[in-house]
Amino acid sequence: MSAASFPSSMAMRFGDRLQQALQAWEQRQGEDCVMSLAVPIGGLDPLRHLPGLESCDPFRFLWDGAPGLSLAASGRCHHLDLAGPKRFELAQRFCDATLGRVLEGSPDAPAQARSRILLAFSFFEQPSEQQPQGGIPSVQAVLPRWQLSRQGRQGWLRIHGVAHEAEDVRLLTETLWLRAEQLQAQPPQPEPWPDTVHGSLRPGDWESRYASALERGLELVTHGELHKLVLAVQQSIQLSAPLNPLPLLDRLRHQQAGSCRFLWQRDAQDSFFGASPERLLSLRNGQLRSDALAGTAGRLETGESLLNSEKDRREHELVVQAITDHLKSLGLTPRRPRRPQLARHGRLTHLHTPITAAGEGQLPLALAGALHPTPAVAGLPRRQAMGWLRSLEPFERGGYAAPIGWIDSAGDAELRVAIRCGHAHGSQLDLTAGAGLVRGSVAERELQEVALKLTVLADQLDLQSGSGARERPLPPLHG
Ligand SMILES: C=C(O[C@@H]1C=C(C(=O)O)C=C[C@H]1O)C(=O)O
């Protein structure tokens, strides 16, 4: 195909794009390189157009921070799967090396459309000996084939591809142009999405297994062996039809508007998805931000009662202190408001303290490696708490409570803590949720808090039997 086969108004634009790309190619250093090309594409909704972004590789990703950045991606141009220690350092090196090789052929593209490496970690560095990790590497990093982004009304489509010669650059430009035309011509997924998820609870009751772990956890924090322990539970659902997570994520856009919806789909059989209220870190133009989020109230309590709860304030402060201490140990000067605010995410309200610092020149994954896991999802002291989680939780956490997000070609990054999430693999869907125990925590309240958190996703499903994950009111907060 040549530029002549496009309508004349677009031919100019196509010709300009091609010329830009070839100019960048001429200035390359080294033999081969990864060419990165982008075109503006109107404000297509990445969530609704992800199905139209298919690639020969089954990998798909969604980051839906609407009304902020939304990003859909598919296919893998380069990727890394790792297990074991130093994963943050090695993933950072992969990002630097890969993004360093990317040749920007569309220098007019804005920040939302920058080339990105997508990242998903597992909670633990190594899978446990008893429980296989469910095949999840301790870090997955992907430079996608396709990226469709939207921020405000603007949207961009980007392609990454290896180029050996100028002809490859022409071919990539044409592939990009054609896909942009197809996406713009295609209607997005209709509203409402057609399918509901059908499934039934798998036998095996998380409540009885949680009760014994909870008893031990409460002993540990009461006797001062730990300051905090965040015990999680897992509810498994047997799916009677394959799960499409996109309709769920679409509904969560309305029901949990302040959170960031995410999807990491290794293939059609394996989807990890959720709506995270918690920012592990964001780095934008050298400004670092991390969120301390701990202390939870359900719909029936007032935010005031949460703000006035001595136990919740103490639990929250442990998280703020841990984050600020880690940042200080890296030589940063974190700033924080003196008192927490309330942050509402769907049916739950949390205590929230945003922590900020000047972070010029910081490596996002060095920061993430120091911060993960915060005491909001693990406990204190960290090492001992991690050991107790291994022995008390009767399942593998996988990606639950681990960092998920992206780094872009300018060094900006955002990583969320993957909570309020589910993992569908084959015909099974696992929902995981946890709650923090500190001195003064009450067993019944913690049990009801995790049950309430499980409902965030479970309520989107059409379950055939009564669910242990149904919402019950939380008993009163203790002062
Ligand atoms: C661990 C989870 O949530 C975390 C624990 C919270 C708490 O204990 O109050 C609140 C928000 C999150 O930091 C979860 O939702 O699974």
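Residues numbered from 1 in each chain as written. Predicted model: local features only at pLDDT ≥ 70, side-chain atom pairs only at ≥ 80, totals over all residues. Heavy atoms only, no water.

### Looking at the nonpolar core
Among the nonpolar cores identified, the biggest contains 133 residues, and Met35, Leu119 and Leu157 are the most heavily contacted of them. Those residues in contact with leucine 157, other than ones at most four positions away along the chain, are Leu37, Ala38, Val39, Ile41, Leu53, Trp146, Gln147, Leu148, Leu176, Arg179, Ala180 and Leu183. (Core = buried A, V, L, I, M, F, W, Y, C linked by side-chain atoms within 4.5 Å. Buried < 20%, exposed > 50% of the residue type's maximum accessible area, 1.4 Å probe, protein only. Contact = heavy atoms within 4.5 Å.)

### Considerations on unusual backbone geometry
A cis amide bond links alanine 66 to the next residue, proline 67, at an omega of 10 degrees. Looking at the element boundaries, proline 67 is found in the loop between β2 (60-64) and β3 (70-82). With an omega dihedral of -15 degrees, the bond running from leucine 380 to proline 381 counts as a cis peptide bond. Tracing the sequence through the fold places proline 381 in the loop between β16 (379-380) and α10 (382-392). In the Ramachandran plot, asparagine 285 falls in the positive-phi region, its phi being about 50 degrees despite a non-glycine side chain. (Helix = DSSP H or I, 4+ residues; strand = E, 2+ residues; numbered from the N terminus.)

### Quick notes on the domain arrangement of the chain
What the domain assignment reports for the chain is domain 1 (3-24 + 31-185) and domain 2 (198-463). In this complex, domain 1 contributes 45 residues to the contact, which on the side of domain 2 involves 49 residues. Of all residues in domain 1, Trp63, Phe123 and Phe124 bury the most surface against domain 2, accounting for 21% of the area lost on that side. Linking domain 1 to domain 2 there are 6 salt bridges. Notably, a salt bridge pairs aspartate 45 with arginine 253, separated by 2.8 Å at the nearest N-O pair. (Domains from an automatic or database assignment. Buried area = accessible area lost by both parts, 1.4 Å probe. Salt bridge = Lys/Arg side-chain N within 4 Å of Asp/Glu carboxyl O.)

### Topic: helix α6 (residues 245-255)
Of all 11 residues making up α6, 8 are buried, and the element is well covered by its neighbours. By the N-cap criterion, in which a side-chain oxygen at the helix start approaches the backbone nitrogen of a residue two or three places on, α6 is capped by asparagine 244, the distance to leucine 246 being 3.1 Å. (Polar contact = N/O pair within 3.5 Å; in protein donor to acceptor, adjacent residues only side chain to side chain.)

### Some words on the site of the ligand
Every one of the 18 residues lining the ligand counts as a neighbour, but Glu278, Leu293, Thr296, Tyr400 and Arg420 are closest to it. Contact between the ligand and glycine 295: an oxygen atom at 2.9 Å from a main-chain N or O atom of the residue. One nitrogen or oxygen atom from the side chain of lysine 453 is found 3.2 Å from an oxygen atom belonging to the ligand. Protein chains bury 99% of the 390 Å² of accessible surface belonging to the ligand in isolation. For the shell around the ligand, the secondary structure elements donating two or more residues are β13 (287-297), β20 (428-437) and α11 (443-458). Tallied by class, the residues present in the shell around the ligand amount to 8 nonpolar, 5 polar and 5 charged. (Near = heavy atom within 4 Å. Areas by Shrake-Rupley, 256 points an atom, 1.4 Å probe, with all protein chains shown as cover. Nonpolar A, V, L, I, M, F, W, Y, C, P; charged D, E, K, R; others polar.)

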